Amino acid sequence: MSPKKTTLKPARNVPASKKTPPEPGSLRGVANWKEAARWLRDRGIEDIECITPDLAGVARGKMMPSSKFTSNTSLALPSAIYRHTISGEYPDETANFRYEPRDSDLKLVPDLSTLSVVPWETDPTAQVICDIVDSDGGEVPYTPRNVLKRIMSLYHERGWKPIVAPEIEFYLVAKNDDPDYPLHPPKGRSGRSILGGQGYSIAGINEFDELIDDIYHFSEKQGLEIDTLIHEEGPAQLEINLRHGDPIELADQVFLFKRTMREAALKHGIYATFMAKPMQGQPGSAMHIHQSVVNIETGKNIFSNPDGSASKEFFHFIGGMQKFVPSAMAMLAPYVNSYRRLTPDMACPVNNAWGYDNRTTAFRVPVSDPQARRVENRLPSSDANPYLALAASLASGLLGIMKEIEPTAPTEDSANEGSIDLPRGLLEAVALLEDEPAFEEMFGKQFIGLYAGVKRGEFETFMQVISPWEREFLLLNV
């Protein structure tokens with residue numbers, strides 16, 4: 001597919017986040033093409049990776065010489081990359097899941113504010129995250145970055161801007177070249193595999209000192225800010241906390257952090273995995289999202305009244321989360337494996353309750369001063385596409401404010417001792433997503449149909465695999 005030559009321009013009709021243009025000498029991002037050329041020249045960059053997230057959050061794109069990047073060049077990808085499953089298969093068409101008849105090109109439009117080096121490459125290489133537009137430069141509404149921008153625009157229309165801070169958990173595991181065998185923790189510097197129950201253990205982090213150094217080094221080179229790093233409860237399970245900020249910028253950072261963790265781990269002969277539940281009997285990995293909303297003009301947190309008390313918008317936001325997040329779970333827990341994490345007694349909420357500083361609830365309100373008042377969504381798993389997870393969570397809260405939905409009373413004790421208030425599997429979650437009429441306005445009918453079709457296709461590929469449980473309990477007993 002040879003796209004015709006045209007100058008790369010910003011997408012039309014895609015609301016941009018309000019950012020301060022980066023300095024020409026910054027580690028991350030430039031303001032215009034002239035500065036981009038100088039940035040690349042000053043660093044001796046030879047190649048550029050032009051990348052964009054697909055529905056799964058996997059980096060897709062093209063690599064090109066830096067001289068071509070700054071010339072009158074157009075980059076394109078086939079529209080089919082947004083219609084295949086995580087295993088690379090293409091589901092059958094349905095009434096709402098359709099392929100573009102010509103599989104025509106979609107254009108990559110670099111967001112120069114995301115330009116950074118690729119520190120693990122041996123040759124001088126840079127990367128830039130791209131938006132997707134059609135052949136006329138118009139918005140493509142079903143791409144993940146554009147879905148999140150759509151939600152941001154709904155906040156901006158009201159004079160508001162969401163602020164988020166993701167926390168991403170992941171496991172380090174020994175290399176595994178045969179998927180039939182279970183995963184297990186890697187050996188640390190002591191020569192022994194680390195055990196579970198090491199929550200907040202500094203010794204647990206020190207087992208992987210050299211790897212952690214590379215994570216910090218790679219992140220610094222890309223201009224990515226790690227707030228804190230801790231060892232979680234699972235064996236060789238770590239958590240990265242990011243500085244709070246603009247949702248699009250933070251989704252970009254999670255997108256790049258996942259690449260960074262995998263590359264740093266591979267350098268040390270192990271894997272970093274963001275599977276929600278990689279090891280049986282161990283805690284799953286979450287992507288907790290802290291959320292607040294500020295007034296664009298004043299910068300004040302709309303969740304707090306002038307006297308410091310909680311505002312009606314704060315409670316309506318929680319009410320919206322309680323009502324709509326269960327129907328958005330296909331975007332927060334997007335795979336069959338995701339629902340193995342969402343089980344009782346595994347340090348994970350299986351409810352839609354909320355509470356003050358209560359980690360058993362789906363929606364926790366941390367202790368804070370009024371300006372930092374926020375709601376933590378503890379349901380998303382680390383396998384979620386960060387753009388879609390943020391879009392789903394923020395859309396649910398906004399719907400609550402728009403519809404003035406009152407929350408339940410806050411939960412004082414454990415919220416995990418009753419019935420499970422969430423879908424128990426992927427197909428149920430997809431059906432809830434399709435059946436919620438309010439989501440069509442928030443996400444667009446085309447995105448919902450396309451996303452649901454891909455998720456159903458992934459479930460069908462899963463059903464083709466015979467599991468060890470079936471061989472163990474059915475082989476000789478039925």
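> Is there a simple way to explain the state of the cysteines in this structure?
A covalent bond between the sulfur atoms of two cysteines is referred to as a disulfide. Taken as a whole and judged by the stated rule, the model has 0 disulfides. Summary of cysteine pairing: C50 is not part of a disulfide, and the nearest cysteine sulfur, belonging to C130, is at 4.7 Å. By relative accessible area, which is 0% here, C50 ends up buried.

> What exactly am I supposed to notice about the confidence of the model for the protein here?
Reading fine detail from the predicted coordinates is not recommended where pLDDT is low. When pLDDT is averaged along the protein, the result is 92, and 94% of the positions lie at 70 or above. In this model residues 1–19 is a low-confidence stretch, pLDDT under 50, and it forms 46 contacts with partners more than four residues away in sequence or in other chains.

> Where do I start with the packing of aromatic side chains in this structure?
Aromatic rings in a pair are described by how distant their centres are and how their planes are angled relative to each other. Tallying each qualifying case throughout the model produces 18 aromatic pairs. When the ring of F447 is compared with that of Y451, the centres are 5.4 Å apart and the planes differ by 25 degrees; the resulting orientation is stacked. Within this pair, F447 and its partner Y451 are both found in helix α13 (residues 445–462), separated by 4 residues, close to a single helical turn. Given the relative accessible area of 1%, F447 is considered buried. According to the relative accessible area criterion, Y451 is buried, its value standing at 2%. Among the aromatic residues, those joined into a ring-pair cluster are F303, F314, F315, F317, W354 and Y356. Against the face of F324 rests K323, its NZ or CZ located 5.5 Å from the ring centre.

> What's the story with helix α11 (residues 426–435) in this structure? I'm lost.
Because an α-helix completes one turn every 3.6 residues, residues spaced three or four positions apart along the sequence face the same direction. By the burial criterion, the buried members of α11 are L426, A429, V430 and L433. The buried residues of α11 occupy an angular sector of 100 degrees when projected down its axis, which confines them to one face. Close packing links the buried residues of α11 with α8 (329–332), α9 (338–341), α12 (437–443) and α13.

> Could you clarify how one ought to interpret a negative patch on the surface in this entry?
Judged by side-chain charge, E46, E121, D123 and E263 come together as a negatively charged surface patch. The topology assignment puts E121 in the loop between β5 (116–117) and β6 (125–133). For E121, a relative accessible area of 34% translates into the label partly exposed.

> What is the right way to read the pattern of salt bridges from this model?
Pairing is possible between side chains of opposite charge, provided their charged atoms come close. Across all of its chains, the model carries 19 salt bridges by this definition. E49 is the partner of R259 in a salt bridge, and the nearest nitrogen-oxygen pair spans 3.0 Å. Pair noted here: R259 is in helix α6 (residues 247–267) and E49 is in strand β1 (residues 47–53), with a separation of 210 residues, a long-range link. Look at R259 and you get buried, because its relative accessible area is 18%. For E49, a relative accessible area of 8% translates into the label buried. The salt bridge partner of R158 is E157, with a shortest N-O separation of 4.0 Å. The exposed category is assigned to E157, whose relative accessible area is 59%. Taken together, the shared-partner salt bridges in this structure form one network comprising D111, D131, R145, K149 and D252.

> Sorry, what's going on with the environment of E428 here?
With respect to the secondary-structure elements, E428 resides in helix α11. For E428, a relative accessible area of 41% translates into the label partly exposed. With 98 residues separating them along the chain, E428 and A330 place their C-alpha atoms 8.7 Å apart.

> Explanation requested: the side chain of H231 in the structure shown.
Inspection of the secondary structure puts H231 in strand β8 (residues 226–231). Taking the relative accessible area as the measure of exposure, H231 reaches 0% and is therefore buried. A distance of 3.4 Å separates a polar atom in the side chain of H231 from the backbone nitrogen of A236.

> Hey, could you run me through the packing of helix α7 (residues 312–324) against helix α10 (residues 386–403) in this one?
Two packed helices can be described by the angle between their axes and the distance between those axes. Axis separation between α7 and α10 bottoms out at 6 Å; the angle between their running directions is 120 degrees. In terms of orientation, α7 lies oblique with respect to α10. Both α7 and α10 take part in a crossing whose hand is right-handed. On the side of α7, the interface is formed by E313, H316, F317, G320, M321 and F324, while α10 contributes S393, S396, G397, L398, L399, G400, I401 and K403. Taken together, the residues of the contact of α7 with α10 break down into 6 nonpolar, 6 polar and 2 charged.

> Looking at this structure, how should I read the side chain of S393?
Inspection of the secondary structure puts S393 in helix α10. Those residues within four positions of S393 in sequence are excluded, and the remaining contacts are Q291, M321 and N377.

> Would you mind going over unusual backbone geometry with me for this structure?
You will see that A236, though not glycine, has its phi angle at about 60 degrees, which is positive. Look at E404: it is not a glycine, yet its phi comes out positive at around 55 degrees. The residue E404 is located in the loop between α10 and α11 in this model.

> Before we go on, may I ask you to explain the pairing of β8 in this structure?
Sheet faces and side chains relate simply in a regular strand, where the side chains alternate between the two faces. With 5 bridges joining them, β8 and strand β9 (residues 237–242) adopt antiparallel strand pairing. Across the sheet, L229 pairs through a bridge with I240, a residue of β9. In this structure, the hairpin formed by β8 and β9 is closed by a connection of 5 residues, where A236 is found at a positive phi of approximately 60 degrees.

Cut-offs and rules
Residues numbered from 1 in each chain as written. Predicted model: local features only at pLDDT ≥ 70, side-chain atom pairs only at ≥ 80, totals over all residues. Heavy atoms only, no water. Disulfide = S-S within 2.5 Å. Buried < 20%, exposed > 50% of the residue type's maximum accessible area, 1.4 Å probe, protein only. pLDDT = per-residue confidence, 0-100. Contact = heavy atoms within 4.5 Å. Phe/Tyr/Trp six-rings, centres within 6.5 Å; stacked < 30°, edge-to-face > 60°. Helix = DSSP H or I, 4+ residues; strand = E, 2+ residues; numbered from the N terminus. Lys NZ or Arg CZ within 6 Å of the ring centre and 35° of its normal. Arc of directions from axis to C-beta. Patch = residues over 30% accessible without salt bridge, like charges linked within 9 Å, V, L, I, M, F, W, Y side chains within 5 Å. Areas by Shrake-Rupley, 256 points an atom, 1.4 Å probe, with all protein chains shown as cover. Salt bridge = Lys/Arg side-chain N within 4 Å of Asp/Glu carboxyl O. Lys, Arg positive; Asp, Glu negative; His and termini not counted. Charge placed at Lys NZ, Arg CZ, Asp CG, Glu CD. Polar contact = N/O pair within 3.5 Å; in protein donor to acceptor, adjacent residues only side chain to side chain. Axes fitted to C-alpha atoms, helices over the stretch in contact; angles between N-to-C directions. Parallel < 35°, antiparallel > 145°, perpendicular 65-115°, else oblique. Left-handed = near helix turned anticlockwise from the far one by under 90°. Nonpolar A, V, L, I, M, F, W, Y, C, P; charged D, E, K, R; others polar. Pairing = 2+ DSSP bridges.

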